[in-house]
Amino acid sequence: MAFSSTNQNPSVPSEQHEINVTPFIDVMLVLLIIFMVAAPLATVNVPVNLPAIAEEAKPQEDKPIYLTLQKDLSLTLGDDIKLAQSQLINTLQNQGIEKNKTIMIRADKAVPYGDFIELMNQLATAGYNKVALVGTEQVDTAQ
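The structure displayed is predicted, hence computed values, not measured ones. (Residues numbered from 1 in each chain as written. Predicted model: local features only at pLDDT ≥ 70, side-chain atom pairs only at ≥ 80, totals over all residues. Heavy atoms only, no water.)

Observations regarding the sheet that holds strand S1 (residues 65–69)
Under the convention used in this document: We treat two strands as partners when DSSP finds at least two bridges between them. Only DSSP runs of H or I with at least four residues qualify as helices, and only runs of E with at least two residues qualify as strands; both kinds are numbered from the N terminus onward. Simply put, an axis is a line fit to the C-alpha atoms, just over the touching stretch for a helix, and the angle between two N-to-C directions goes from 0 to 180 degrees.
Spatial strand order, S3-S2-S1-S4-S5: five strands in an open sheet with mixed pairing. Lying at the two open borders of the sheet, with one neighbouring strand each, are strand S3 (81–83) and strand S5 (131–133). Strand after strand, the sheet turns through a mean of 25° between neighbouring axes, direction not considered. Sheet topology note: the S1/strand S2 (residues 75–77) ladder contains three bridges and is antiparallel. Paired with Thr 68 across the strands is Thr 76, a residue of S2.

Here's the deal with the nonpolar core
For clarity, the cut-off: As used in this record, nonpolar core signifies buried Ala, Val, Leu, Ile, Met, Phe, Trp, Tyr and Cys residues forming a set joined through side-chain atoms within 4.5 Å. Using a 1.4 Å probe on the protein chains alone, a residue whose accessible area is under 20% of its type maximum counts as buried, one over 50% counts as exposed, and one in between counts as partly exposed.
Grouped together as the largest cluster of nonpolar side chains are 18 residues, with contacts concentrated most on Leu 67, Leu 88, Leu 92, Ile 103, Leu 123 and Tyr 128. For this core, the secondary-structure elements that each account for two or more residues are S1, S2, helix H2 (88–94), strand S4 (103–107) and helix H3 (113–125).

Side note on the confidence of the model for the chain
Definition in use: Confidence of the predictor at the level of single residues is given by pLDDT, which spans 0 to 100.
Of the residues in the chain, 73% have a pLDDT of 70 or more, and the chain-wide mean is 79. Within the chain, the lowest mean pLDDT, 84, falls on S5, and the highest, 90, falls on H3.

Put into structure tokens, the structure is as follows:
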């Protein structure tokens, strides 16, 4: 503890008007040590030499191909082509949908799992292996 030398009464210490930075420095040193230990753990240190691709970037498909499976097991291709499940592959080929294009399946919640898998198997057997499943974002109503 520091005392002022200009004090008139030496038996009564005067107040010190400086900030004690020792606790602040102690805290900062502890934080520095924590960050020095944690920083190497947070970085990824896997050296990878990625190859270059000579092919140009392919543009995204303008309009996705939607296949909708209703709860009554009826199928709709796009927004307007209704079809029977037995005619699915023929309709896809007649519409000029190539096997390397992604088909986005929208299925009703009430569709039985077995019927949904049967549709997926039918597409896979015909060679349509790029299949994506479409869902809606779940909204939390508990707020």
